[in-house]
Amino acid sequence: MGARVGARSGRGRGRRGGDDGGGGVGAGGISTERARHVPERRCLGCGARHPKPALARLVAAPGDGTHRLVRDDRSRLGGRGLYVCRRVECFERAVARRAFHRGARVSGELVIDPELGADVGGEGQWGT
Ligand SMILES: [Zn+2]
């Protein structure tokens, strides 16, 4: 009879082990934040790298024997993206260096609308 009492007390102690079951939760929270990766692009004006959503995207759209530089923040037109900071200075610098011509790899004329610079530097009417 005395032996049965000893066996019962042993089972009671074993339940305390359940406390460390949730040990992995804290580590998981850190890894989700590191997994978020923002692609970067280089500004053709100042050469600085910025997260892609912070830059204005331009493409050379083919037209009547020439190409025309147009804004395409949402990548609707496809083609080679050309990125600049949303600042008139960077846009004009890129124009002066013919960075758009070289970046777009167009043969011949690339028409750049003078108003495009103000558009790029303007307060994000295109949103993100
Ligand atoms: Zn820039």
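Everything below is about the structure printed above this text.
Residues numbered from 1 in each chain as written. Predicted model: local features only at pLDDT ≥ 70, side-chain atom pairs only at ≥ 80, totals over all residues.

1. Notes on the overall build of the protein chain
Moving on, step 1. If you tally the helices and strands in the protein chain, you get five helices and six strands.
Moving on, step 2. The N-to-C order of helical and strand elements in the protein chain reads α-α-β-β-β-β-β-α-α-β-α.
Moving on, step 3. Out of the 128 residues belonging to the protein chain, those deemed buried represent 19%.
Moving on, step 4. In the protein chain, 60% of the contacts between residues at least 6 apart in sequence involve partners at least 24 apart. (Helix = DSSP H or I, 4+ residues; strand = E, 2+ residues; numbered from the N terminus. Buried ≥ 20, exposed ≤ 12 C-beta atoms within 10 Å, placed from the backbone. Contact = placed C-beta atoms within 7 Å.)

2. Considerations on helix H3 (residues 88-96)
A turn of α-helix holds 3.6 residues, and therefore any two residues three or four places apart point the same way.
Moving on, step 1. Buried residues of H3: Cys90, Phe91, Ala94 and Val95, and no others. One side of H3 holds all its buried residues, which, seen down the axis, span an arc of 140°.
Moving on, step 2. Each element contacted by the buried residues of H3 is listed here: strand E5 (82-85), helix H4 (99-104) and helix H5 (115-121).
Moving on, step 3. Among the residues trailing H3, Arg98 stands out with phi positive, at a value near 55°. (Arc of directions from axis to C-beta.)

3. Brief notes about the sheet that holds strand E3 (residues 55-62)
Note on sheets: strands pair through backbone hydrogen bonds, and any given pair is parallel or antiparallel.
Moving on, step 1. Reading across the sheet, the four strands line up as E5-E3-E4-E6 and stay open at both edges, with mixed pairing between neighbours. Looking at the sheet topology across the chains shown, the edges are occupied by E5 and strand E6 (110-111).
Moving on, step 2. Alignment of E3 against strand E4 (residues 67-71), held across five bridges, turns out to be antiparallel. Looking across to E4, one finds that Pro62 is bridged to His67. (Pairing = 2+ DSSP bridges.)

4. Here we look at the environment of Ser75
Moving on, step 1. Positionally, Ser75 belongs in the loop between E4 and E5.
Moving on, step 2. Using a count of 11 C-beta atoms within 10 Å as the deciding quantity, one classes Ser75 as exposed.
Moving on, step 3. Each C-alpha atom of the pair Ser75 and Arg57 lies 7.7 Å from the other, and the pair is 18 residues apart in sequence.
Moving on, step 4. Every residue in contact with Ser75, bar those within four places of it in the chain, is listed here: Arg57 and Gly81.

5. A closer look at the nonpolar core
Moving on, step 1. Judged by nonpolar contacts, the single largest core of 19 residues is most densely connected at Cys43, Leu44, Tyr83, Val84, Ala94 and Phe100.
Moving on, step 2. Listing elements by their share of this core, those giving two or more residues are E3, E5, H3 and H5.
Moving on, step 3. Examining the composition of this core, we find that five residues originate from one element, E3, more than from any other. (Core = buried A, V, L, I, M, F, W, Y, C linked by C-beta atoms within 7 Å.)

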